[in-house]
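# Per-entry structural report
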Amino acid sequence: MEQRGKKAVFLIDGLEDLFMNPQPQNDENWKIAIRAICQNIVNELRNLQKGNLGIVVFVRKDMAADAISVNFEQFKNQYARYELKWNPTEALRLALWISIQVEPSIFEGNIDISRASREVIESNLELLWGKKLGRNDSREANSARWIIAALSDFTKQLQARDIVRFLKFATDNWAEPNLYYTDRYIMPTDIRRAIPNCSREKYKEIESEMKSIYQILKKFQNMEESEKQLPLTLDKINLTGEEISRLEGQGYLISSDKKYYMPEIIRFALGFKYEKGARPKVLSLLTS
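Residues numbered from 1 in each chain as written. Predicted model: local features only at pLDDT ≥ 70, side-chain atom pairs only at ≥ 80, totals over all residues. Heavy atoms only, no water.

## Brief notes about the confidence of the model for the protein
- Of all residues in the protein, 92% have pLDDT values of 70 or greater, and the mean over the chain is 88.
- Ranking the elements of the protein by mean pLDDT puts helix H14 (residues 278-287) last, at 70, and helix H13 (residues 264-270) first, at 96. (pLDDT = per-residue confidence, 0-100. Helix = DSSP H or I, 4+ residues; strand = E, 2+ residues; numbered from the N terminus.)

Shown next as structure tokens:
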């Protein structure tokens, strides 16, 4: 192939589907396969020192962390610049782009969405959901930042489907006469009402796509209703140290002042409520 001047790149995707069922069954074979693909094969190709062969592997971070238990941080840092992330600014860009597709005569502006700063994007989205979750001169939270925080985990990650799903649920009652504020299309009550539905859909995705993480979260779901209060202390968490660490790595659990909190995006689905004064703490952890 090299003599012919040809190049080949091997593309590997869909590993989470292939190894979906073996993950929660303590089957070590899938871990061996992940290590072989992500480490052994990649290293072998690198050692060939030929410029005509390459490989691109798409693998979920939680799967890689579970399979590569030794020196995972080193592995993660080695490929950190290639990590695919969906950050809050990109999510807001998507919200504005969708708004323009729906009502181009209203939301279309002379801005380049792909290059505009977050401040510019947020300003243009005020027509959609307002500047604040109340009057613009109120002490309520900034709408864009509150929405992003409610849809994100504690690693500040969210997916495109999260913002699309939010817009779907937040506009379910759009045709009804509920215009408490005339400067926006989505009312604060609709914003808050959409989050529990987003949480339940997110949990369904975790169940189908991240079975090993779902098995851990399910322990919270099965707790007695009287015990489902945030924050949680360590004596209330029936998890191993490794399980806690895995949830923290995924951003589904965080420790602050020796107490544990969950992000909004899974709290509703698991049926947890707040002790008095705990909600502001969670939102501060999500936006800090």
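## Remarks on the packing of helix H7 (residues 118-129) against helix H8 (residues 143-151)
- For the pair H7 and H8, interaxial distance at closest approach is 9 Å and the crossing angle is 95°. Overall, the two elements H7 and H8 adopt an arrangement that is roughly perpendicular. Residues Arg 118, Glu 122 and Trp 129 of H7 lie in contact with H8, whose contacting residues are Ser 143, Ala 144, Arg 145 and Ile 147.
- Residue composition of the contact of H7 with H8, grouped by class: 3 nonpolar, 1 polar and 3 charged. (Axes fitted to C-alpha atoms, helices over the stretch in contact; angles between N-to-C directions. Parallel < 35°, antiparallel > 145°, perpendicular 65-115°, else oblique. Contact = heavy atoms within 4.5 Å. Nonpolar A, V, L, I, M, F, W, Y, C, P; charged D, E, K, R; others polar.)

## Let's talk about a nonpolar patch on the surface
- Taken together, the side chains of Val 9, Leu 11, Val 56, Phe 58 and Leu 84 make up a nonpolar region of the molecular surface, amounting to roughly 500 Å² of accessible area.
- Tracing the sequence through the fold places Val 9 in strand E1 (residues 8-12).
- Residue Val 9 is classed as exposed on the basis of its relative accessible area, which comes to 60%. (Patch = residues over 30% accessible without salt bridge, like charges linked within 9 Å, V, L, I, M, F, W, Y side chains within 5 Å. Areas by Shrake-Rupley, 256 points an atom, 1.4 Å probe, with all protein chains shown as cover. Salt bridge = Lys/Arg side-chain N within 4 Å of Asp/Glu carboxyl O. Buried < 20%, exposed > 50% of the residue type's maximum accessible area, 1.4 Å probe, protein only.)

## Digging into the nonpolar core
- Core analysis: the biggest nonpolar cluster contains 63 residues, and Trp 129, Phe 166, Leu 217 and Phe 220 have the highest contact counts within it.
- A total of 7 residues in this core trace back to one element, the largest contributor, which is H8.
- Every residue in contact with Phe 220, bar those within four places of it in the chain, is listed here: Lys 228, Leu 232, Ile 237, Leu 239, Leu 247, Leu 253, Met 262, Leu 270 and Phe 272.
- Counting residues in hydrophobic clusters, the runner-up holds 12 residues, among them Trp 30, Ile 37, Met 63 and Phe 72. (Core = buried A, V, L, I, M, F, W, Y, C linked by side-chain atoms within 4.5 Å.)

## Remarks on the environment of Pro 231
- Within the element layout of this structure, Pro 231 appears in the loop between strand E3 (229-230) and helix H12 (241-250).
- According to the relative accessible area criterion, Pro 231 is buried, its value standing at 11%.
- Separated by 27 residues in sequence, Pro 231 and Lys 258 have C-alpha atoms that sit 9.6 Å apart.

## What about helix H11 (residues 211-221)?
- Turning to H11, its buried residues number three or more, namely Ser 212, Ile 213, Tyr 214, Ile 216, Leu 217 and Phe 220.
- Of the surrounding elements, those touching the buried residues of H11 are helix H3 (61-67), helix H10 (188-209), H12 and H13.

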